[in-house]
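Read off the chains here:
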Protein chains: 2
Amino acid sequence: MRTNYCGELNKDNIDQTVEICGWVNRRRDHGGVIFLDIRDKRGIAQVVINPDNADFAIAETIRNEFVLKITGTVIARGEGLANPKLASGDIEIVASHIEILNTSKPVPFQIDATDTSEEVRLKYRYLDLRNDAMQKRMRLRSKVTHFMREFMDSHDFLDIETPFLTKATPEGARDYLVPSRTHPGEFFALPQSPQLFKQLLMMSGFERYYQIVKCFRDEDLRADRQPEFTQLDVETSFMNEDEIMKMMEELTRGMFKDAIDVDLGDEFPSITYADAMHLYGVDRPDMRIPMQMTDMDELMQGVDFKVFSGPASSDGSRVAALRVPGGASISRKKIDKYTKYVSIYGAKGLAYIKLNEDGPASPILKFLGDDVTAKVIEMTGAQTGDIIFFGADKTKIVNEALGNLREQLAKDMDLFDKPWAPIWVVDFPMFDENDDGSLSAIHHPFTAPNVDAKTLEETAPTALSRAYDLVINGSEVGGGSIRIHQVEMQQTVLKLLGISDEEAKDKFGFLLDALEYGCPPHGGMAFGLDRLVMIMTGSDSIRDVIAFPKTQTAACLLTDAPAEVPRKVLRELSVQVSLAKKD
Amino acid sequence: MRTNYCGELNKDNIDQTVEICGWVNRRRDHGGVIFLDIRDKRGIAQVVINPDNADFAIAETIRNEFVLKITGTVIARGEGLANPKLASGDIEIVASHIEILNTSKPVPFQIDATDTSEEVRLKYRYLDLRNDAMQKRMRLRSKVTHFMREFMDSHDFLDIETPFLTKATPEGARDYLVPSRTHPGEFFALPQSPQLFKQLLMMSGFERYYQIVKCFRDEDLRADRQPEFTQLDVETSFMNEDEIMKMMEELTRGMFKDAIDVDLGDEFPSITYADAMHLYGVDRPDMRIPMQMTDMDELMQGVDFKVFSGPASSDGSRVAALRVPGGASISRKKIDKYTKYVSIYGAKGLAYIKLNEDGPASPILKFLGDDVTAKVIEMTGAQTGDIIFFGADKTKIVNEALGNLREQLAKDMDLFDKPWAPIWVVDFPMFDENDDGSLSAIHHPFTAPNVDAKTLEETAPTALSRAYDLVINGSEVGGGSIRIHQVEMQQTVLKLLGISDEEAKDKFGFLLDALEYGCPPHGGMAFGLDRLVMIMTGSDSIRDVIAFPKTQTAACLLTDAPAEVPRKVLRELSVQVSLAKKD
C-alpha cells in the first residue's frame, strides 16, 4: 500500500511520486494550506495540502490520529523552513490524493505527551505504545532477544520449549495455579522457572539448551516485578562454572554492544558474596559508585560509647563507616531524611562525622575522643569536605542500611565514576540459617556445593555453593550455578534442608529418579530480560519495557483482567469461589 | 571437558590424543578387551580398553548409560572392521584414562529400542529423549523456529511478547483459568491465541509483529492436539491478503527448504472453500491424492433408485462418486470395513461399482441401468480395474464420508502422486448457519468480510470472508485473515452473530474502543508449529515433536501433573475444590 516510509524520505526522493501510509501526528492550517505531520513506524514526514487539491474538502475533516494513505510529490522545503529535528526535515510531500483509511475520535492524551498518568497510559496502552519512546523500547527489546538467540544458536545451544502447565516446584515464591477439567480437584502450576525441565534436558543428552521463556510468580509486587516475566534460560552439560561464566560474559558483552553500543570491558571483575556484603552491604553491589564501607569493629571495641562498642564486640553485629566524598555539605535536614531512610532497614540512628574546613564536627565526637576520630578519618581516607556515616547494629541491619544508603547518596549526589559496571558475585553460601537453626536454600535445592557430600554435612551452615550472579549497575541481571548431578549429594542437601524423603518424592521424585540414570555434570544460568532491557533503556519502571504490563496489584487496566467467570464454567473445572477470610 | 565430539571423529584425527564425554550406548567384551560405544549429542564413537589399561578395573564396572570422560588415542580400525553405519566408523579410540562422571541404574528400556510403550516413554521422558530419532526431531524443531525468526526479522517484523495472564476471549474453545490472589473471586485466562493483542499492536502502530508463542485450549484431546501448543503468530498493517499470503508462502517455502531440503514449488495453488468441499469433501484437501469427487446430482435425479434420486433432488443433499484407480481389487471384506468407516461420518451405506475385466459389477447396477452406469463411468473417467464409491445423503455427510474415505484409501493403497502438496484455501464463508437460523463465526468475530457492512447485512448467511488457510498434505498448517478495522463493520458482524452490546463490551470492549482511535487496515496469520514439525518429520503423533508432552487426558506422566494442592494454598486464592456433579 506504500512506496516509502515517512521517516526515510529525504532529498534523494525529490521529484518522486510517493505513496505513504500512517497516522496524523499533528495538523496545522496556515494561510489556507493544511500541513499534516504523518507518522509511521520509521518516523514522520510533512504533507502539504493546497487549497486547489481535489481532496481538500476531505483534508479539512482530518484530525489527529486519523489513518491516511497519501499520494504526492516530494519537494524540497523552502529556504529556512527545513526541520533539523526530523530525518525527513529537508523535504515535504505535496499531496495529490488523500485517502482516509480510518478516522479517530479525539485521543484522551497527546501521543507524544510525557506527563500522562500511568493509569491512563495503561488503560489506553494502544495509544501509549504509539509514543516514540515506547516504540524504541520495544524495538530494543526485540533486538536484544534477537542477539541472544543468534549467540546461543551460534554456540550450538538448542531452543527447546518446556511446559507451561506443569507441577508446583520449590522455587520459593507462590505459584499461579490452573484447575484441571479432566482431573477434577487437581491443579497445574505455571512455572516459576523451567529449572527442573532444563535439568531433565541435560539428563536427556541435549548438552546445550536455551529458551527465552515466560515465568510466573505470584508475589507481592514491587516496582520492578511483574507476575509474568521473561528470562533467557540456559543450561549446559560438561562445562564448569568458569567456562559457563566466560561464555555468558561474552553473551552479555555482545548484547550491550549490539543493542546500545556500550562496551562493558574485557573481563568482568568478580567478588565473593562475603566481600560484597562486607564492603557494599548488598549481594548486588553497584560498582559505579566509588564508595566502600570500612570495618570499624576492631577500632570501636574499646571506645567508651556503648552504641559502638556493643555491636563492635558482639558476634553477628558490626560497626562500619561509609565515607561520602563532598558529603560535608549535606544539610541537617537531609541527614534527618537519610536517618529516616536507614530506619526502613531497622537502623536505630545514623551517626556521622562531618569534615568541615575547621575540623571534624559531630554530636558523637565527645564519645569517640580525638584519637579514635583521627583513626576513623585515616581508615576511611576521608578528606576535608567529606562526611562519614556510621552503622552499628546487627550485621544484617548495618549492611542493609549502609548498603542502601550508599546507593541513595550516589543517586542524590551523582557520585558515579563510570556509566557501566558489571561484576560477578561468587562463593555464595549454600544455606541461610533460620532463627530456629534450620536451613533454607539460598538459591534452590539443586545448586551444587563446592565441597563433597561428607564435608557438606560437617560444615553445612557455612558451606559455599557453586552459584554465580551477574550484577550490572547494582541490578542482578542474571544468576546460575552448577547443579547437583549425583543422587547421593542431592539426598544430602535435601536432608540438610529438612525436606523429607516423602516430600521430595512427591514434589520432584522424577528428578531424583532421573539422577540415577546417567545424569551428566551440568550447570546453567538465567537472565532476566525485563530487567536487562530496563537497564539498557534507562527506564524507571519495568512496565515501560513490557508491551502489556500488569499493575502492582497484578491487574491489566486495558483488558480488565482478571475478571469474574460464570459459575457454570467454574463447575466444569470442579472449583468454586470461596471468599471466606484468609487464615 | 572435551576436545572432540564422538560423532565428529574420523580418519583426520588418527594419532591424536582426544578427550570425549558421553554416555555408554553399549558395552561389549571380546577376547579380554572391553569395547564401549560412547554417545554424545553429535554421534557415537567406539572406545577400546585393553587389559593392560590402568583403569581396566574401573572399566569392568561400567554399564550402559554410565556417563564417562575418556582420554585416548585415535587409531584406524583394523582391516575389515570399519563400521560404515557410523560417521566415526573408520576409527576407534584406545583409552588411556577413564573417568566415571556418573553411574546409571539399569535402564527400563534400551535407548534405541523402537517398541517401547508410549506410557513408559513418557514416564521416563529423559531416557526417551536420548533416542536418536527424538534428538533429531527436537533439533529440527529448533531449526524451524530459527528459520522463522530469521525470516520475520529480515522482513522487519518485531518480536513482541503478549500476556499469558489475560482475559477470556471468544475463540470458541474452553479457557484454562488462573485464580487471582490479589483479586479474590476473579480469574485470568490463559490465551487461546494472542489474537486481540496482536490486533492491538497494529493499533499501536508497530505495523509488523510476530511471536512464537504458547497458546492454550482446554479441549477434549484428539491424537494431534495438546492442551498447550505453539504457534508462529504474525500480524501486519497496510497489507492486503494477497501480499500477506505471498509473504507467508515465501516463509513456508523457505522453512521446508532450510529444515528438510524440500522444494514446495514456485507458487502454491489456491482453491475456494466451496470447490474444496465439493471436490474433496474437506476444507483441508490433501492434494497429493489424485482423486476427486464427481458430482452426480443431475445424473441421479431421474434414476429409479430412491437412495440416489432422493438426495440428488433435495436441497442440502447430494450424490457424489469417487473413482479409485486400481480399486477393483479391494476385497468384499475391505469394502465392509470402509462401509463401517464412513458410518462414523453418518453415511448409511457405501455403494460401489467395480470395473472388473468382464465389465461393471455391483449390487446397484440393476437399479441404475446400463445407460446411467455407462454415464457414471464416463463422468468419473474410471478404467477397468477401478472402483467407484458413492455417497448419497445430506451434503455434509457425503462430503465428510467420501472426503475422509479418499484419504484413507490413499493411505491404504499408497495412492499419492507427489510427496508434498501445499494449497491455499480461500473464500471461506463468514458464518456457519446453526439449525435455529442463528449464525456463528467460521473463523472468529474479527475476521473481515469481503463486502461492505450494508451488503453483509443483506447477504449474511452466504457472505464470504477475507480468510485464508494454508494446507499441506491435508493438514491445516496455518490460517489467517484480514481483520475488521472499522468499528461500524465490527458492530455489524457482532450484531449478526447475536452478540449483544453489553456482552461485547464486557468481553472485548477495549478492542472496540481501540477501533475508534485510528486503527489501520491490518491482517495476519498463525502457523501451528507442532503440526508443521510433525509433517516435516513424518511423525505419527504430535507428542513426538514436543519435548515434554501431555497425554490425551491432559496429564504429564513424567511429573504427575496436575496434582492436588494443599487447601491452605487454595484458600489464599479464594477458591475451593467442589467435586459436585457437573450439570
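Residues numbered from 1 in each chain as written. Chains lettered and ligands numbered in written order. Predicted model: local features only at pLDDT ≥ 70, side-chain atom pairs only at ≥ 80, totals over all residues. Heavy atoms only, no water.

- An unreviewed UniProt entry lists chain A under the name Aspartate--tRNA(Asp/Asn) ligase, with Candidatus Thioglobus autotrophicus given as the organism.
- Taken directly from UniProt, the Catalytic activity (unreviewed entry) text for chain A runs: "tRNA(Asx) + L-aspartate + ATP = L-aspartyl-tRNA(Asx) + AMP + diphosphate". (UniProt positions renumbered as here; feature names shortened; annotations may be inferred.)

What about the overall build of chain A?
Here is step 1: The secondary structure content of chain A amounts to 17 helices and 23 strands.
Here is step 2: With the principal axes as the frame, chain A shows a C-alpha extent of 90 × 75 × 55 Å.
Here is step 3: Within chain A, contacts between residues separated by at least 24 positions form 69% of all contacts whose residues are at least 6 apart in sequence.
Here is step 4: Accessible surface, chain A: about 24300 Å² in total, of which carbon and sulfur atoms supply 48%.
Here is step 5: If you average the places of the 68 positive and of the 92 negative side-chain charges in chain A, the two averages end up 6 Å apart. (Helix = DSSP H or I, 4+ residues; strand = E, 2+ residues; numbered from the N terminus. Contact = heavy atoms within 4.5 Å. Areas by Shrake-Rupley, 256 points an atom, 1.4 Å probe, with all protein chains shown as cover. Lys, Arg positive; Asp, Glu negative; His and termini not counted. Charge placed at Lys NZ, Arg CZ, Asp CG, Glu CD.)

Things to note about the interface of chain B and chain A
Here is step 1: At the junction of the two partners, chain B supplies 122 residues and chain A supplies 122 residues.
Here is step 2: The junction of chain B with chain A conceals about 11100 Å² of combined surface from both sides, 57% of it contributed by carbon and sulfur atoms.
Here is step 3: Three residues, B:Arg181, B:Phe238 and B:Tyr517, lead the burial of chain B against chain A; their summed loss comes to 8% of the area buried on that side.
Here is step 4: In this structure, the connection of chain B to chain A is made through 16 salt bridges.
Here is step 5: With a shortest N-O distance of 2.7 Å, A:Glu207 and B:Arg2 are connected by a salt bridge.
Here is step 6: At the junction of chain B with chain A, the criterion picks out 62 residue pairs in polar contact (both at pLDDT 80 or more).
Here is step 7: In terms of residues, the side of chain B that touches chain A owes the most to one element, helix α4 (residues 132–154) of chain B, which gives ten residues.
Here is step 8: Residues of the side of chain B that touches chain A, tallied by class, amount to 60 nonpolar, 25 polar and 37 charged.
Here is step 9: Bridging between strand β23 (residues 575–577) of chain A and strand β23 (residues 575–577) of chain B involves three bridges; their strand directions are antiparallel. The residue bridging A:Val577 from the neighbouring strand is B:Val575, located in β23(B). (Buried area = accessible area lost by both parts, 1.4 Å probe. Salt bridge = Lys/Arg side-chain N within 4 Å of Asp/Glu carboxyl O. Polar contact = N/O pair within 3.5 Å; in protein donor to acceptor, adjacent residues only side chain to side chain. Nonpolar A, V, L, I, M, F, W, Y, C, P; charged D, E, K, R; others polar. Pairing = 2+ DSSP bridges.)

Brief notes about the domain arrangement of chain A
A common way to express how large an interface is: the accessible area buried when the components associate.
Here is step 1: As assigned here, chain A comprises domain 1 (6–102), domain 2 (146–270 + 424–567) and domain 3 (289–417).
Here is step 2: Taking only C-alpha atoms, the centre of domain 2 of chain A and the centre of domain 3 of chain A are 37 Å apart. (Domains from an automatic or database assignment.)

As for the UniProt feature "binding site: L-aspartate" (unreviewed entry) in chain A
Residue and element names in this part refer to chain A.
Here is step 1: With numbering aligned to this structure, UniProt lists the feature "binding site: L-aspartate" (unreviewed entry) at Glu171, Arg217, His443 and Arg483.
Here is step 2: For Arg217, the position within the fold is in the loop between β9 (208–216) and β10 (228–237).
Here is step 3: Of the residues examined, Arg217 reaches a relative accessible area of 23% and is grouped as partly exposed.
Here is step 4: In this structure the side chain of Arg217 is engaged in a polar contact, spanning 3.4 Å, whose partner is the backbone oxygen of Gln192. (Buried < 20%, exposed > 50% of the residue type's maximum accessible area, 1.4 Å probe, protein only.)

Details of the environment of A:Leu515
Residues and elements named next belong to chain A.
Here is step 1: Summarising the element assignment, Leu515 is placed in helix α15 (residues 501–515).
Here is step 2: Classification of Leu515 by relative accessible area gives buried; the value is 2%.
Here is step 3: Here the alpha-carbon distance between Leu515 and Gln199, two residues 316 residues apart in the chain, equals 9.6 Å.

Quick word on the pairing of strand β14 (residues 352–356) of chain B
Where a strand is regular, its side chains alternate between the two sheet faces.
Residue and element names in this part refer to chain B.
Here is step 1: In terms of burial, β14 is largely enclosed, as four of its five residues are buried.
Here is step 2: When β14 meets strand β16 (residues 387–394), the two strands line up antiparallel, connected through three bridges. Paired with Ile353 across the strands is Ile388, a residue of β16.
Here is step 3: Between β14 and the antiparallel strand that follows it, strand β15 (residues 359–361), lie two residues.

Observations regarding the UniProt feature "site: Important for tRNA non-discrimination" (unreviewed entry) in chain A
Residues and elements named next belong to chain A.
Here is step 1: Here, the residues flagged by UniProt with the feature "site: Important for tRNA non-discrimination" (unreviewed entry) are His30 and Gly80.
Here is step 2: Relative to the helices and strands, His30 is located in strand β1 (residues 17–30).
Here is step 3: Looking at where Gly80 falls in the secondary structure, it is placed in the loop between β4 (67–76) and β5 (91–102).

Overview of the relation of the copies chain B and chain A
Here is step 1: Once chain B is rotated about the relating axis by 180 degrees and shifted along it by 0.0 Å, it coincides with chain A to within an RMSD of 0.1 Å. Those values place the two copies in the arrangement expected of a two-fold rotation axis.
Here is step 2: Residue by residue, 100% of the interface of chain B is reproduced at the interface of chain A, so both copies engage with the same surface. (Least-squares fit on C-alpha atoms with pLDDT ≥ 70 in both.)

A closer look at the side chain of B:Asp218
Here is step 1: With respect to the helices and strands, the residue B:Asp218 is situated in the loop between β9 (208–216) and β10 (228–237).
Here is step 2: Take B:Asp218: its relative accessible area is 2%, and that puts it in the buried class.
Here is step 3: Dropping the residues within four chain positions of it, B:Asp218 is found in contact with A:Arg181, A:Leu573, B:Arg174, B:Asp175 and B:Tyr176.

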